[in-house]
Amino acid sequence: MKKILISLLVLVSVSLWAEDLKLDIMYTNDLHGGIDRNPATFMNPQFPPMLGGGASAATYIKQVRALSDGNKRESFLFDIGDFFQGRPIGSLTNGEAVIEYMNKIQYDLTVLGNHEYDIGEETLKKTLSLAKFPILSSNIYKKGTKELVDYVTPYLIFNKLGIKIGVIGLTTTDTEKMSFPDHIKNVDFGDEKEALTKYVKILREQEKVDLLIVTMHAGVPFNEKEEYEKRYGKNAKKQTQYWGLDAQQLAHEVDGIDVIFGGHTHDGVPQPTEVKNAGGVTLVTNAGSNGKFLGVMDFDVRDGKVKGWKYRLLPVFSNLLPADAGMEALIKKIRAPFEAQLNE
């Protein structure tokens, strides 16, 4: 009875938005293989809450999709990178188990994160070949060239609800500093700002998109307001840039972007940060890590234009979201060959 009531509450919460909000974008970042139920010891080592994993997330995803009619309401499911390395089920299978889950729940895309290269490029290409969805990045090049590697696409175009939606992918250049040199010997990670400027221009001026989204495996500063003042406030001083540009910097320095779905830094941002730039404001979000949350941004589309939005950071804990039976069975099947190792 408790699970039924919880499920009904989730469905009602989504349905309350259905009259006004038409485009539902759900996203995950930094899953790190968190598709199976596991105690969140990184949150509370002594009394860890139980993460519901992919089966609990599937309950909500399916309920949102049930509202889509292809005419008045549509939905997307994005991933923002670092999707497999971490949990044993992801690492032991070189990410193949996570790809199987992502195929089943029908992700619309993922972005390459730095940890994807932990298994080396050749093994990674084999894993990615199993995906039934596009792999995005606009700044991973074949070594010594400006030619994108064969296993990524820089952007996608969707036509939904009478509007044209552009989605650009981007990978942090931190990958160069965080990977084994031999694993990335055949690739270069290009300047984030340069790549983003190039493709924003293409999507705005050539593709004429109405909504421009960047799915970016790059994060946000720990103290966003304080860091923004240091960088762009009245007393701003030029800072030494050791790591790659983060989502706040790119949102400020590259205009024309409506929203950035970020990752990499594992922050769960309760509400999007509004970052000012020369063209107006860009929204920046980040949905935590390890499957703790599902980010949900709902856009109100009227007369071929985006008129408003609402955002929700949904906790994916087993006591809040009951498991979807079909997805739970799939994950159990995926785990079965590795059960002994997973229980060590």
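This structure is a prediction, so every number in the text was calculated from the model and none was measured.

Visitor: Quick one: what's the story with the nonpolar core, residue by residue and with numbers?
Guide: Residues Tyr101, Leu196, Met216 and Leu294 are the most contacted members of the largest nonpolar core, which totals 71 residues. Sequence-distant contacts of Met216, that is, excluding residues within four places in its chain, are made with Ile80, Leu170, Leu196, Ala247, Leu250, Ile260, Phe261, Gly262 and Gly263. With 26 residues, the next largest nonpolar core counts Ile80, Ile213, Ala287 and Leu313 among its residues.

Visitor: Outline helix α5 (residues 121–128), listing residues and values.
Guide: Of the residues making up α5, those classed as buried are Glu121, Leu124, Thr127 and Leu128. Looking straight down α5, one finds its buried side chains confined to an arc of 115°; they lie on one side. In α5, those exposed residues whose orientation departs by more than 90 degrees from the buried face are Glu122 and Lys126. Buried residues along α5 sit against α4 (96–105), β6 (135–136) and β10 (187–189).

Visitor: Let's hear about the sheet that holds strand β9 (residues 163–171): which residues, and what values?
Guide: Working definition: the strands of a sheet are paired by backbone hydrogen bonds and lie parallel or antiparallel to each other. The strand order across the open sheet formed by 6 strands is β8-β9-β11-β12-β14-β13, and the pairing between neighbours is mixed. Both edges of this open sheet fall to β8 (155–160) and β13 (273–277), since each of them pairs with a single strand only. Between one strand axis and the next, the sheet turns through 25° on average, direction left out of account. Across 7 bridges, β9 lies against strand β11 (residues 211–217) in parallel orientation. The residue of β11 that forms the bridge with Val167 is Ile213. Lying on the sheet, helix α7 (residues 192–206) is in contact with β8, β9 and β11; it crosses β9 at an angle near 165°.

Visitor: Tell me about the packing of aromatic side chains, and please be specific about residues and values.
Guide: Tallied over the full model, the rule gives 8 aromatic pairs. With centroids separated by 5.9 Å and ring planes inclined at 50°, the aromatic side chains of Tyr155 and Tyr199 adopt a geometry described as tilted. With Tyr155 in strand β8 and Tyr199 in helix α7, the pair connects residues that are 44 residues apart, well separated along the chain. The exposure class of Tyr155 is partly exposed, given its relative accessible area of 22%. Judged by relative accessible area, which is 8%, Tyr199 ranks as buried. The rings of Tyr27, Phe76, Phe78, Phe158 and Phe261 are connected pair by pair, giving a single aromatic cluster.

Visitor: Mind laying out a nonpolar patch on the surface, listing which residues take part and the relevant values?
Guide: Residues Met178, Tyr242 and Trp243 make up a contiguous nonpolar surface patch of about 340 Å² in total accessible area. Looking at the element boundaries, Tyr242 is found in the loop between α8 (224–232) and α9 (247–253). What makes Tyr242 exposed here is its relative accessible area of 53%.

Visitor: Please provide a residue-by-residue account of the pairing of strand β16 (residues 305–315), values included.
Guide: Here strand β15 (residues 293–302) pairs with β16 via 10 bridges, running antiparallel. Residue Arg302 lies in a different strand from β16, and its bridge partner there is Lys305. In this antiparallel pair of consecutive strands, β15 and β16, the connection spans 2 residues, and Asp303 shows a positive phi of 55°.

Visitor: Explain the pattern of salt bridges to me, using residue names and the numbers behind them.
Guide: Taken as a whole, this structure holds 19 salt bridges when the rule is applied. The closest approach of N and O atoms between Glu74 and Lys160, which form a salt bridge, is 3.9 Å. On the criterion of sequence distance, the pair formed by Glu74 in strand β4 (residues 74–79) and Lys160 in strand β8 is long-range, its members being 86 residues apart. On the basis of relative accessibility, which here comes to 14%, the residue Glu74 falls in the buried class. Of the charged contacts, one joins Glu147 and Lys142 as a salt bridge, the two residues approaching to 3.0 Å between their closest N and O atoms. Judged by relative accessible area, which is 26%, Lys142 ranks as partly exposed. A single salt-bridge network, built from bridges that share partners, covers Asp36, Arg87 and Arg335.

How each quantity is defined
- Residues numbered from 1 in each chain as written.
- Predicted model: local features only at pLDDT ≥ 70, side-chain atom pairs only at ≥ 80, totals over all residues.
- Heavy atoms only, no water.
- Core = buried A, V, L, I, M, F, W, Y, C linked by side-chain atoms within 4.5 Å.
- Buried < 20%, exposed > 50% of the residue type's maximum accessible area, 1.4 Å probe, protein only.
- Contact = heavy atoms within 4.5 Å.
- Helix = DSSP H or I, 4+ residues; strand = E, 2+ residues; numbered from the N terminus.
- Arc of directions from axis to C-beta.
- Pairing = 2+ DSSP bridges.
- Axes fitted to C-alpha atoms, helices over the stretch in contact; angles between N-to-C directions.
- Phe/Tyr/Trp six-rings, centres within 6.5 Å; stacked < 30°, edge-to-face > 60°.
- Patch = residues over 30% accessible without salt bridge, like charges linked within 9 Å, V, L, I, M, F, W, Y side chains within 5 Å.
- Areas by Shrake-Rupley, 256 points an atom, 1.4 Å probe, with all protein chains shown as cover.
- Salt bridge = Lys/Arg side-chain N within 4 Å of Asp/Glu carboxyl O.

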